[in-house]
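A look at the structure
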Amino acid sequence: MNIAVYPGSFDPVTNGHLDIIKRASDIFDKVIISILENNSKEPLFTVEERIELLKRSTSDIQNVVIDSFSGLLVNFLREKNARVIIKGLRAVSDFEYEFQMALMNSKLAPEIETLFMMTSSKYSYLSSSIVKEVAKHGGSLNELVPEEIVGEIYKKVN
Ligand code: PNS
């Protein structure tokens, strides 16, 4: 089975993430979306809440599972028998950091490959941080995040 892992903070999941998830699920037998537990960033949603939001947003995709991990990403992939890390790239500004991480992951685990997917242009401006900013100030989240989770985001920021 060809298993890929799509790691991230997903605080919260956006339509940009969902675009990558759908496209990756067409290519791989199974996609494990995995939330980093010990992130130094102060999150809006707990890991359990983010898992729930991701489950709701991907309920129509059969070959996707939601999980979480702590420690090194490559160790999580080895545990799950996965060989590919999926990363979304929005702009050139993402590249330098992602390039560094891909090279370090490859140094730590040469058998694991990082696959970059370009985000669709209509989502290239989207990020979880900008979604939180819009929600905090009462702006519309229409087309920014999956419909199923809009209410949860407003509830949390208020
Ligand atoms: O959505 P994010 O916050 O950009 O995701 C970053 C993430 C979780 C993919 C990255 O921080 C990560 O993989 N962290 C785990 C520690 C690790 O393995 N780092 C890379 C090699 S040092």
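Everything below is about the structure printed above this text.
So, about the pattern of salt bridges. Considering all chains together, one arrives at twelve salt bridges under this definition. Between Glu111 and Arg78 there is a salt bridge, with the nearest N and O atoms lying 2.8 Å from each other. Of the two residues, Glu111 sits in the loop between α4 (92-108) and β5 (113-118) while Arg78 sits in helix α3 (residues 73-79), which places them 33 residues apart along the sequence. It is possible to trace a salt-bridge network through shared partners that takes in Glu52, Arg56, Glu152 and Lys155.

Quick look at the site of the ligand now. The environment of the ligand is made up of 13 residues, and the closest members are Gly8, Ser9, Lys41, Leu73 and Asn105. Contact distances for the ligand include 2.8 Å between an oxygen atom and a backbone N or O atom of Leu73. According to the grid-proximity analysis, the pocket containing the ligand is the largest pocket. Of all elements in the fold, only β1 (3-8) and α4 reach the threshold of two or more residues within the shell around the ligand.

The five strands are arranged β3-β2-β1-β4-β5 in an open sheet whose pairing can be described as parallel. The sheet terminates laterally at β3 (64-69) and β5, the two strands that pair on one side only. The average angle at which neighbouring strand axes cross in this sheet is 30°, direction not considered. Along the sheet face, helix α1 (residues 15-27) touches β1, β2 (30-36), β3, β4 (84-89) and β5 and points at about 125° away from the line of β5. The sheet contacts of helix α2 (residues 47-57) involve β2 and β3, and relative to β2 the element is tilted by about 150°.

Looking at the secondary structure, you find Ser127 in the loop between β5 and α5 (128-136). According to the relative accessible area criterion, Ser127 is buried, its value standing at 19%. For Ser127, the contacting residues outside a window of four places in its chain are Thr14 and Arg90.

Looking now at a nonpolar patch on the surface. On the surface, Val92, Phe95, Phe99 and Leu103 cluster together to form a nonpolar patch covering roughly 420 Å² of accessible area. Counting through the fold element by element, Val92 comes out in helix α4.

Moving on, we get to the nonpolar core. In this structure, Ile21, Leu54, Ile86 and Ile153 are the most contacted members of the largest nonpolar core, which totals 33 residues. Residue assignment for this core shows that the elements contributing at least two residues are β1, α1, β2, α2, β3, β4, α5 and α6 (150-157). The residues touching Ile153, leaving out its near neighbours within four places in the chain, are Pro12, Phe45, Val131, Ala135, Leu141 and Val145. In this structure, Ile3, Val5, Ile32 and Ile85 belong to the second largest nonpolar core, which totals twelve residues.

Another aspect to go through is α4. Here α4 is 17 residues long and its end C-alpha atoms lie 25 Å apart, about the 24 Å a rise of 1.5 Å per residue gives. Its axis deflected by about 25° at Glu98, α4 carries its strongest bend there. What α4 keeps buried is the set Asp94, Glu98, Ala102 and Asn105. Of the surrounding elements, those touching the buried residues of α4 are α3, β4 and β5.

Before going further, it helps to examine the pairing of β1. A large share of β1 lies buried, amounting to five of its six residues. With six bridges joining them, β1 and β2 adopt parallel strand pairing. Its bridge partner being in β2, Ala4 is matched across the sheet by Val31. The parallel pair β1 and β2 is bridged by α1, and the resulting crossover is right-handed.

Rules of the game
Residues numbered from 1 in each chain as written. Predicted model: local features only at pLDDT ≥ 70, side-chain atom pairs only at ≥ 80, totals over all residues. Heavy atoms only, no water. Salt bridge = Lys/Arg side-chain N within 4 Å of Asp/Glu carboxyl O. Helix = DSSP H or I, 4+ residues; strand = E, 2+ residues; numbered from the N terminus. Near = heavy atom within 4 Å. Polar contact = N/O pair within 3.5 Å; in protein donor to acceptor, adjacent residues only side chain to side chain. 1 Å grid on protein atoms, 1.4 Å probe; cavity = no way out; pocket = protein on both sides within 12 Å on 5 of 7 lines; lining within 4 Å. Sits in = over half its atoms within 2 Å of the grid points. Pairing = 2+ DSSP bridges. Axes fitted to C-alpha atoms, helices over the stretch in contact; angles between N-to-C directions. Contact = heavy atoms within 4.5 Å. Buried < 20%, exposed > 50% of the residue type's maximum accessible area, 1.4 Å probe, protein only. Patch = residues over 30% accessible without salt bridge, like charges linked within 9 Å, V, L, I, M, F, W, Y side chains within 5 Å. Areas by Shrake-Rupley, 256 points an atom, 1.4 Å probe, with all protein chains shown as cover. Core = buried A, V, L, I, M, F, W, Y, C linked by side-chain atoms within 4.5 Å. Expected span 1.5 Å × (residues − 1). Bend = angle between axes of the 7 residues up to and from the residue. Right-handed = clockwise from strand over helix to strand, strands pointing away.

The analysis is restricted to geometry; functional conclusions fall outside its scope.
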